[in-house]
Amino acid sequence: MDIKNVVVVGAGQMGHGIAQMSLLGGYNVTLVDIKEEFLNNGRNKIEEGMKKLESKGQLPNNKTAADFMKNCRTSLDLSLAIKDADLMIEAVIEKMDVKKQVFETAGNHAPDHCILASNTSTMSITEIGENSGRPDKCIGMHFFNPVPLMRLIEVIHSQDSSEESIKIGMDFARSIPCLRGKRYIAEVLKDKPGFICNRVTAPVQIYQNYVFDKCAEEGYSWDQLDNDSRGGPMSMTILADYVGIDVLYHGQMYYAKTLSPDFAPGKVITQLYNEGKLGAKTGQGFRDWSKGRPQVDKSAGKARIYKLKYPIAIMLNEGCRVLEEGITNSWKVIDDTLMAGMNMPGPMAPNVKTYPKQIEVLKELVELTGKKYFEPCELLRSGKWVDMK
Ligand code: CAA
């Protein structure tokens, strides 16, 4: 199928990033949201990004920002906007009832051939699409934040997606440019919470909640905590704000329902969420973002609460669960997915020989936190995952 017209529902951080990159890929894009103000914000950000590229001479085929913006429409009415769409990508708030409503409306008004994709980061694509009237045409298409710079797109099979819909989704994903290198498209074979990238890192949030709460209880500052974990592309509290406290909160609630109660949001995350301190997008989260991306005060010293050995063991264990559940059948895909989605080396390759040591680390972590979810899974214990390249 030849995709020309793309509808992106939700003009927020993810939605406008998806829209900008789709425009750059040569598609006509209609951005849909529920308030004029949200649409204006999203459109302005897209234009800002396009102008930045124009000023650096990085727009393809000698085109101007205005050339691309001509292909960008906005609408407050999904039922009208979707009438000539070939593909919808939904990027609204992480609430199942809202997403289901979007898919129902889209399914009622879109042309028969139109593929409906959700950018959910955790939720069941099968359930999101169940009232769409076209479950075979519903797929997941999960982008990473910031969409222009993160190479990964996960294309997810629901229980009902047809092979043809997945192929269309994979081809479209490959055609979307990335400002930092070639896109990496991961095919997610099972519709399970968190898919690959977020699932492998999800239980690290159980540990982080333990760490955030302990840090608050013991009176350490976020700078001191971030100094424990220096080395990744973003420190822990800054990444949490960047992803969004609401995204983490809703995600943890969802994992608590679907995977284990151990995922329930901790005290610190719950408090930030209740106070509306949602991170970068609201100007305040763990950190103050009013003057741009915060910097860690390296002179503040360390809290010495966070230990890197735990997230590595946790991700290895979860990677093995992802293999056990058939979400992918290759541990190389897991490592590549993490690198493309989070600029983070995956946990699998480095542990091919050392995994027995990680089993001991996980047992120690169960003792420390009381969280049973950290118990080593069967596939990790058996060592058979090593052959699942
Ligand atoms: N249009 C045009 N140009 C843009 C642009 C846009 N929309 N966005 C960024 N750019 C440009 C910037 O202007 C900048 O240009 P110059 O180099 O000329 O100044 C360039 O791209 C790089 O931008 P930054 O300086 O902001 O990038 P950085 O080097 O500081 O890296 C980062 C930023 C890639 C985000 C890095 O910090 C990182 O890897 N962080 C980790 C992010 C991560 O883990 N994301 C995954 C989150 S989880 C998720 O998304 C899953 C989910 O489901 C919620």
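Above this text is the structure in question.
Everything numeric in this text was worked out from a predicted model, so none of it was measured.

### Looking at the nonpolar core
Ranked by size, the top nonpolar core spans 62 residues in total, and within it Phe286, Leu380 and Trp385 carry the most contacts. A per-element tally of this core places helix H8 (residues 197-218) first, with 9 residues.

### Observations concerning the packing of aromatic side chains
Evaluation of the coordinates by the stated rule reveals 13 aromatic pairs. Here phenylalanine 212 and phenylalanine 286 contribute two aromatic rings whose centre-to-centre distance is 4.6 Å and whose plane-to-plane angle is 50°, an arrangement assigned as tilted. Linking phenylalanine 212 in helix H8 with phenylalanine 286 in the loop between helix H12 (267-274) and helix H13 (309-324), this pair joins segments that are 74 residues apart in sequence. On the accessibility criterion, phenylalanine 286 (7% relative accessible area) is buried. Ring centres of tyrosine 249 and tyrosine 273 lie 3.8 Å apart, and the angle between their planes is 5°; this geometry places the pair in the stacked category. Of this pair, tyrosine 249 sits in helix H11 (residues 245-258) while tyrosine 273 is found in helix H12, placing the two residues 24 residues apart along the sequence. On the accessibility criterion, tyrosine 249 (13% relative accessible area) is buried.

### Thoughts on the layout of surface pockets
In this model, the second largest pocket occupies a volume close to 250 Å³. What lines the second largest pocket is a set of 14 residues, and nearest its centre among them are Pro233, Met234, Ser235, Ile238 and Val296. In terms of residue class, the lining of the second largest pocket is built from 5 nonpolar, 5 polar and 4 charged.

### With respect to the environment of leucine 259
Turning to its location among the elements, leucine 259 is positioned in the loop between H11 and H12. Under the relative-accessibility criterion, leucine 259 is labelled partly exposed at 24%. Taking the C-alpha atoms as reference points, leucine 259 and lysine 192, separated by 67 residues in sequence, lie 9.5 Å from one another. With residues near it in sequence (within four places) discarded, leucine 259 still touches Pro193, Arg199 and Tyr373.

### Points about unusual backbone geometry
The general pattern is negative phi for most residues beyond glycine and trans for most peptide bonds. A cis amide bond, omega 0°, links asparagine 145 with the succeeding residue proline 146. Locating proline 146 in the fold gives a position in the loop between strand E6 (138-143) and strand E7 (152-156). Of note in the backbone geometry, asparagine 61 takes a positive phi value of approximately 55° without being a glycine. By secondary structure assignment, the location of asparagine 61 is in the loop between helix H2 (36-55) and helix H3 (65-69).

The rules behind the values
The residue count restarts for each chain, going from 1 along the sequence in the order it is written. For a predicted model such as this one, the threshold for reporting local features is a pLDDT of at least 70, and the threshold for listing and counting side-chain atom pairs is 80 or more; totals across whole chains, interfaces and linings nevertheless cover every residue. Side-chain numbers here rest on the full set of heavy atoms in the structure, without hydrogens or water. Note on terminology: a nonpolar core comprises buried Ala, Val, Leu, Ile, Met, Phe, Trp, Tyr and Cys residues joined through side-chain atoms within 4.5 Å. For every residue, the accessible area obtained with a 1.4 Å probe (protein chains only) is divided by the maximum for its type, and the residue is called buried under 20%, exposed over 50%, and partly exposed between those limits. In DSSP terms, a helix is any run of H or I states spanning at least four residues, a strand is any run of E spanning at least two, and both are numbered starting from the N terminus. Planes of paired rings set the category: under 30 degrees apart is stacked, over 60 is edge-to-face and the rest tilted, where pairs are Phe, Tyr or Trp rings (Trp by its six-membered ring) whose centres lie within 6.5 Å. Cavity means a closed set of points on a 1 Å grid over the protein atoms alone, one where a 1.4 Å probe fits but cannot get out, pocket means an open set with protein on both sides within 12 Å along at least 5 of 7 lines, and lining means a residue has an atom within 4 Å of a point. Grid points are joined across faces, edges and corners, and a volume is the space filled by probe spheres set on the points. Asp, Glu, Lys and Arg are counted as charged, while Ala, Val, Leu, Ile, Met, Phe, Trp, Tyr, Cys and Pro are counted as nonpolar; the rest, among them Gly, fall into the polar class. The contact criterion used is simple: two residues touch if any of their non-hydrogen atoms lie within 4.5 Å.

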